[in-house]
Amino acid sequence: MLMRILRKSLARRKSRIALAAVAVLMGAAVATALMTVSLDVTEKVSLEFRKYGANLMVVPRSDTIDVGFPGVQLGSVTEQRYINESELWKIKTIYWRNNVLGFTPFLYQVVEASDGNDTQDVVLAGTYFNKEVTILEPYAPQDATLFRTGIQEINPWWKVDGQWIGDPNDTRSAMVGTAVAEKLGVGIGDELTLTYRPLVGAEGNTTTHGATVVGIITTDGVEDNQVFVNLQVAQGLTSRPGKVHTVQVSALCTKCPVETFASEIEAKIPSVEGKTVKQLVNAEMSTLDMVTGLMLMVTLVALFASALGVMTTMTSSVIERRKEIGLMKAVGAERRKIVALFLSEAAIIGALGGAAGFAGGVVLAQVIGMSVFSTSIGLHALVLPAVLGLSIAVALLASLLPVRRATSIEPAIVLRGE
Amino acid sequence: MAGDIIEVERLRKLYEGGTRALDGVDLSIEEGSWTTIVGPSGSGKTTLLNIIGCLDSPSEGRVVIDDTEVGGLGQDELTRFRKDHIGLVFQQYHLVPYLTALENVMMAQYFHSIVDEEGAAAALERVGLGHRLDHLPSQLSGGEQQRVCIARALVNEPRILLADEPTGNLDQANGRNVLELIDALHREGHTIIMVTHNPEIAVMGDRTIEIVDGKVSNDTRRREHPHAQEAEAA
């Protein structure tokens, strides 16, 4: 019977109910957009975190000199351009050494790659594939003195067609990124000639190195445009023995912040600084924080407006229907049944507005995703129930005062014959 | 003689602002009787009916209905007591406009206990509206609406039926139909208290109480109500 009363009473006041539902719709749409964008973008950012196996990047320390003009700084004479390969073992001697899962150095250089027909400028990356590093001074006597590490340890999910370079002394093999392979038209087993030409005026001679492609790497990242060889090959080709540009460190620790690793490594190797990946994605995160903060405020305002809209509708509904309420009480409706009737009505308004608002919010989220983050926003199963729940809760809360008014109606007064 | 189903002692009702609607009313109503209450406008007769109908509370005095002192009951307790003991018939019918005749009656069942569509239809048949179950109030004549109102008052089988000017908005023919219906209910044993302005209708009751300025000014017993005697004899 309650459903029958509800259905007929709502059907009779369609336009008023629609107005209240639209009020809820506004709030629900903004709330949907907020939840969808923040859930999706946060997930994307954290996916980036996970994808980026190394969560710590060790780079040479670069001091700068302020020249008294905002935004303009000079590289200092003390600037370090390389990290010494001979110091890398120290990374495994910090307090949290057991949480260092792996590290791998990189020495980069733009070189010409040629398969005999085509020539292409590519980034040559010298690194460790599967290297045993000797820990010269272990942190504790019981610590192992050998540590096997390399690019495979850091990035085990890289898709490799062919095989990894397994031997750390292999100077004849190369792995190429899929984009390089495509541009040069090389496949596994093909020969590649790498030519390094120093800049005009710079020291060193033009050198070449021949290598066989043993594997093709797909990461969907910058690595697709690089050629990977053992570190000593890159060092030899570019005349930088014992030097590396960066070291990627994979640190796993749930109890300690990754910043701790960075500062510990800086203490062990004074000429470097550790940058956490968090810092690298900070800009993205702060944009997200700003947008979600702004949207949270807009959502709160919109939900407040929704609540006001529902409250106005419910109040006028109670005033319009005071005789009906008085009659219901006169024929035996206890307060809880009047409360149930009006709150059910509010919940229906909330659900209708919430569902429509969800649809609108999904569109709004796409607009925000494309215009602010330049990415489409995926839907989350969680958002629909959350928005429906929120809309219904707002509608119910906004109805409390009107319902209280309804329960205090005195039948004797409103049903008076005159 | 049947016992008293309603006893009212020293009943006073003061409204905010000092209006004295009832000023020391004492009366008792026998079970199965038909009592009419008359008096000029503003004399307090509707207030008396509302207090007996548990729609209003007394300021002073005692009201005992079916052995329950209702003066001290809270709002929800009064509602529960009312739905179990009292059926209300209004001058303006007060039907829910968007519910059909049948649904208006079922609504009273819903608020009372459980909905029984057949029982509701039977109540409407009893008042001669078996063919108008699915009509909205706006599709019914005044007399028919009043009969729906009576069916709604009866559907939960209360022992007491209170009617406030039940024919006040009806033409003569419809008014007569409604009074015949009330008379039939009286014969079935319901205790009926009816407020009316009309002296011709007032004399249909076993007893007429006249209220003037919130006091009983006249109490005329026309007959011992025969149906109660029959009931007692049985």
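Above this note sits the structure.
Residues numbered from 1 in each chain as written. Chains lettered and ligands numbered in written order. Predicted model: local features only at pLDDT ≥ 70, side-chain atom pairs only at ≥ 80, totals over all residues. Heavy atoms only, no water.

Chemist: Would you take a moment to explain the overall build of chain B for this structure?
Modeler: Each helix and strand in chain B was counted, giving eight helices and 10 strands. For chain B, restricting intrachain contacts to residue pairs at least 6 apart in sequence, the fraction spanning at least 24 positions comes to 69%. Carbon together with sulfur atoms contributes 44% to the accessible area of chain B, which is approximately 9700 Å² in total. (Helix = DSSP H or I, 4+ residues; strand = E, 2+ residues; numbered from the N terminus. Contact = heavy atoms within 4.5 Å. Areas by Shrake-Rupley, 256 points an atom, 1.4 Å probe, with all protein chains shown as cover.)

Chemist: Would you mind going over the interface of chain A and chain B with me for this structure?
Modeler: Taken together, the contacts link 27 residues of chain A with 29 residues of chain B. Across the interface of chain A and chain B, roughly 2800 Å² is buried in total on both sides, 58% from carbon and sulfur atoms. Broken down residue by residue, the surface that chain A buries against chain B is led by Met1, Val331 and Glu334 of chain A, which jointly contribute 21%. Put simply, aspartate 76 of chain B and arginine 335 of chain A hold a salt bridge, and the shortest N to O gap is 3.5 Å. On inspection of chain A and its partner chain B, the count reaches 12 residue pairs in polar contact (both at pLDDT 80 or more). (Buried area = accessible area lost by both parts, 1.4 Å probe. Salt bridge = Lys/Arg side-chain N within 4 Å of Asp/Glu carboxyl O. Polar contact = N/O pair within 3.5 Å; in protein donor to acceptor, adjacent residues only side chain to side chain.)

Chemist: Just to check I follow, could you spell out the packing of aromatic side chains for this structure?
Modeler: Given two aromatic rings, their pairing is described by the distance between the two centres and the angle made by the two planes. Residues and elements named next belong to chain A. Inspection of the entire model under this criterion finds seven aromatic pairs over all chains. Relative to tryptophan 96, the ring of tyrosine 95 lies with its centre 5.2 Å away and its plane at 85 degrees, an arrangement referred to as edge-to-face. For tryptophan 96, a relative accessible area of 25% puts it in the partly exposed group. For the pair tryptophan 158 and tryptophan 164, a centre-to-centre distance of 6.3 Å together with 15 degrees between the ring planes defines the contact as stacked. Assessed through its relative accessible area of 8%, tryptophan 158 is described here as buried. (Phe/Tyr/Trp six-rings, centres within 6.5 Å; stacked < 30°, edge-to-face > 60°. Buried < 20%, exposed > 50% of the residue type's maximum accessible area, 1.4 Å probe, protein only.)

Chemist: Any chance you could explain the sheet that holds strand β4 (residues 60–65) of chain B here in plain terms?
Modeler: Sheet strands associate in pairs through backbone hydrogen bonding, adopting either a parallel or an antiparallel arrangement. All names here are of chain B. Ordered by their spatial adjacency, four strands build an open sheet running β2-β1-β4-β5, and the pairing between neighbours is antiparallel. Strands at the two margins of the open sheet, each flanked by one partner only, are β2 (20–30) and β5 (68–69). Sheet analysis places strand β1 (residues 4–14) next to β2, joined by eight bridges and oriented antiparallel. By the bridge assignment for β2, valine 8 is matched with leucine 27. (Pairing = 2+ DSSP bridges.)

Chemist: Any chance you could explain the pattern of salt bridges here in plain terms?
Modeler: Oppositely charged side chains are able to pair whenever their charged atoms sit close together. Residues and elements named next belong to chain B. By the definition in use, this model includes 30 salt bridges over all chains. Arginine 12 is the partner of glutamate 60 in a salt bridge, and the nearest nitrogen-oxygen pair spans 3.3 Å. Taken as a pair, glutamate 60 in strand β4 and arginine 12 in strand β1 lie far apart in primary sequence, 48 residues in all. Look at arginine 12 and you get partly exposed, because its relative accessible area is 26%. Salt bridges linked by common partners bring Arg12, Arg20, Asp23, Glu60 and Lys215 together as one network.

Chemist: Even after reading the chapter, I still don't get empty space enclosed by the protein, so can you show me in this structure?
Modeler: Leftover empty space is mapped by rolling, across the atoms, a probe with the size of a water molecule. Applying the stated criterion across every chain yields a total of five cavities of 30 Å³ or more. Here the largest cavity defines a volume of roughly 150 Å³. If you trace the largest cavity, you find 17 residues lining it, with Leu415 of chain A together with Asn50, Leu55, Phe90 and Asp164 of chain B closest to the centre. Mapped by element, the contributors of at least two residues to the lining of the largest cavity are α12 (411–414) of chain A together with α1 (45–52), β6 (86–89) and β7 (160–164) of chain B. Here the lining of the largest cavity takes three residues from α1 of chain B, the largest share from any one element. Grouping the amino acids of the lining of the largest cavity by side-chain chemistry returns nine nonpolar, six polar and two charged. Each pocket or cavity is described by its volume, and for the second largest cavity that value is around 90 Å³. Contributing to the lining of the second largest cavity are Ala330 and Val331 of chain A together with Lys83, Ile86, Gly87, Leu88, Ala108, Arg152, Ala153 and Asn156 of chain B. Of all the secondary structure elements, the ones that give two or more residues to the lining of the second largest cavity are β6 and α5 (142–154) of chain B. The element best represented in the lining of the second largest cavity is β6 of chain B, accounting for three residues. (1 Å grid on protein atoms, 1.4 Å probe; cavity = no way out; pocket = protein on both sides within 12 Å on 5 of 7 lines; lining within 4 Å. Points joined across faces, edges and corners; volume = space filled by probe spheres on them. Nonpolar A, V, L, I, M, F, W, Y, C, P; charged D, E, K, R; others polar.)

Chemist: How do you make sense of the sheet that holds strand β10 (residues 215–221) of chain B when you look at a structure like this?
Modeler: Residues and elements named next belong to chain B. The mixed open sheet is built from six strands, whose spatial order is β6-β7-β8-β3-β9-β10. Across the chains shown, the open sheet's two edge strands, defined by having one partner strand only, are β6 and β10. With direction set aside, neighbouring strand axes in the sheet form an average angle of 15 degrees. Against the sheet, helix α2 (residues 75–85) makes contact with β6 and β7, and its axis sits at roughly 85 degrees relative to β6, the strand it touches most. (Axes fitted to C-alpha atoms, helices over the stretch in contact; angles between N-to-C directions.)

Chemist: Just to check I follow, could you spell out the nonpolar core for this structure?
Modeler: In a soluble, globular protein the nonpolar side chains are often hidden away together inside. Residues Ile65, Met107 and Leu124 of chain B are the most contacted members of the largest nonpolar core, which totals 101 residues. Top contributing element to this core by residue count: helix α3 (residues 101–112) of chain B, with eight residues. Setting aside residues no more than four positions away along its own chain, isoleucine 65 of chain B makes contact with Ile5, Ile6, Ile52, Cys54, Val70, Phe81, Ile86 and Ile160 of chain B. Counting 47 residues, the second largest nonpolar core, distinct from the first, contains Ile91, Leu107, Ile135 and Val229 of chain A. (Core = buried A, V, L, I, M, F, W, Y, C linked by side-chain atoms within 4.5 Å.)

Chemist: Explanation requested: the side chain of histidine 245 of chain A in the structure shown.
Modeler: Residues and elements named next belong to chain A. With respect to the helices, strands and loops of the structure, histidine 245 is situated in the loop between β14 (243–244) and β15 (246–251). Within the structure, histidine 245 has its side chain in polar contact with the backbone nitrogen of tyrosine 108 (distance 2.9 Å). If we skip the residues at most four places from it in the chain, histidine 245 touches Val58, Val59, Pro60, Arg81, Tyr82, Ile83, Phe106, Leu107, Tyr108 and Arg240.

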